[in-house]
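Commentary on secondary and tertiary structure
Read off the chains here:
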Amino acid sequence: MRATDVNPRTKPNADSAPRSYWRPAGLPHVEVLERRETPPFRGYSGLYAFAFQAASVPTRWHYRGRLHDVPPGAIMLREPGETFGFADPSSVTILLISPDLISRVALEHFGDVKPVHWQTQVVRGSPFSQELLATIGVLRNHRSHDDAN
């Protein structure tokens, strides 16, 4: 299932916000959505998401019944099947990964096949931000030209 099949409000070109959506070549379980100056919105997805708060100003993110303050450079972690939203205009880069792939990685590295649950929703000031951006950069160099918007 593609991320854009899940919620019409998050489809490319569904609103006037600049965006780029693509799938890395050879990785059918991974997608990337880059949104710039996106107006506030709410959505739902069946995929895991690692969202990098790219704007230079903080934003507020709705998730799990709370409003989270997200500083620039923070990572937002979202699990499948949960609603989410941005209360402010935001610029984010989102790495979307299928539950199947996350489960396979968990099994390979931890010997666990249960659904993966994050202990936190916002990761602030962590080297994880730079690692995520580096990973997205590598994936960008191998994007499928058929899926690029």
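What you are looking at is a predicted structure, and each value in this text was computed from that prediction instead of being measured. (Residues numbered from 1 in each chain as written. Predicted model: local features only at pLDDT ≥ 70, side-chain atom pairs only at ≥ 80, totals over all residues. Heavy atoms only, no water.)

Points about unusual backbone geometry
- Not every positive phi belongs to a glycine, and E37 is a case in point at roughly 55°.
- Given the relative accessible area of 63%, E37 is considered exposed.
- If you check the backbone angles, R64 has positive phi at about 55° while not being a glycine.
- With respect to the helices, strands and loops of the structure, R64 is situated in the loop between β5 (59-63) and β6 (66-70). (Buried < 20%, exposed > 50% of the residue type's maximum accessible area, 1.4 Å probe, protein only. Helix = DSSP H or I, 4+ residues; strand = E, 2+ residues; numbered from the N terminus.)

Examining helix α3 (residues 127-140)
- In this model, α3 (14 residues) spans 20 Å end to end at C-alpha, consistent with the 20 Å of a helix rising 1.5 Å per residue.
- Every buried residue of α3 is listed here: S129, L132, I136 and L139. Seen end-on, α3 carries its buried residues on one side only, within an arc spanning 90°. Among the exposed residues of α3, those pointing more than 90 degrees away from its buried face are P127, Q130 and E131.
- Elements that come into contact with the buried residues of α3 comprise β1 (19-22), β2 (30-38), β4 (48-53), β7 (75-78) and β9 (90-97). (Expected span 1.5 Å × (residues − 1). Arc of directions from axis to C-beta. Contact = heavy atoms within 4.5 Å.)

Some remarks on the sheet that holds β9
- Read across the open sheet, the 6 strands follow the order β1-β2-β9-β4-β7-β10; overall the sheet is antiparallel. The outermost strands of the open sheet, each flanked by one partner alone, are β1 and β10 (122-123).
- Across 4 bridges, β4 lies against β7 in antiparallel orientation. Among the inter-strand pairings, F50 is bridged to a residue of β7, identified as L77.
- Where α3 meets the sheet, it contacts β1, β2, β4, β7 and β9, and its direction lies at approximately 105° from that of β4. (Pairing = 2+ DSSP bridges. Axes fitted to C-alpha atoms, helices over the stretch in contact; angles between N-to-C directions.)

Points about the sheet that holds strand β8 (residues 82-86)
- On the basis of which strands lie adjacent, the open sheet formed by 4 strands has the order β3-β8-β5-β6 and antiparallel pairing. Two strands lie at the open edges of the sheet, namely β3 (41-45) and β6, each paired on one side alone. Taking the axes of each pair of neighbouring strands and ignoring which way they run, one obtains an average angle of 25° across the sheet.

Quick look at the pairing of β4
- Of all 6 residues in β4, 6 are buried; the element is thus mostly enclosed.
- Here β4 shows a buried face lined by Y48, F50 and F52 and a second buried face lined by A49, A51 and Q53.
- Sheet topology note: the β4/β9 ladder contains 6 bridges and is antiparallel. If you follow Y48 over to β9, its bridge partner there is I97.

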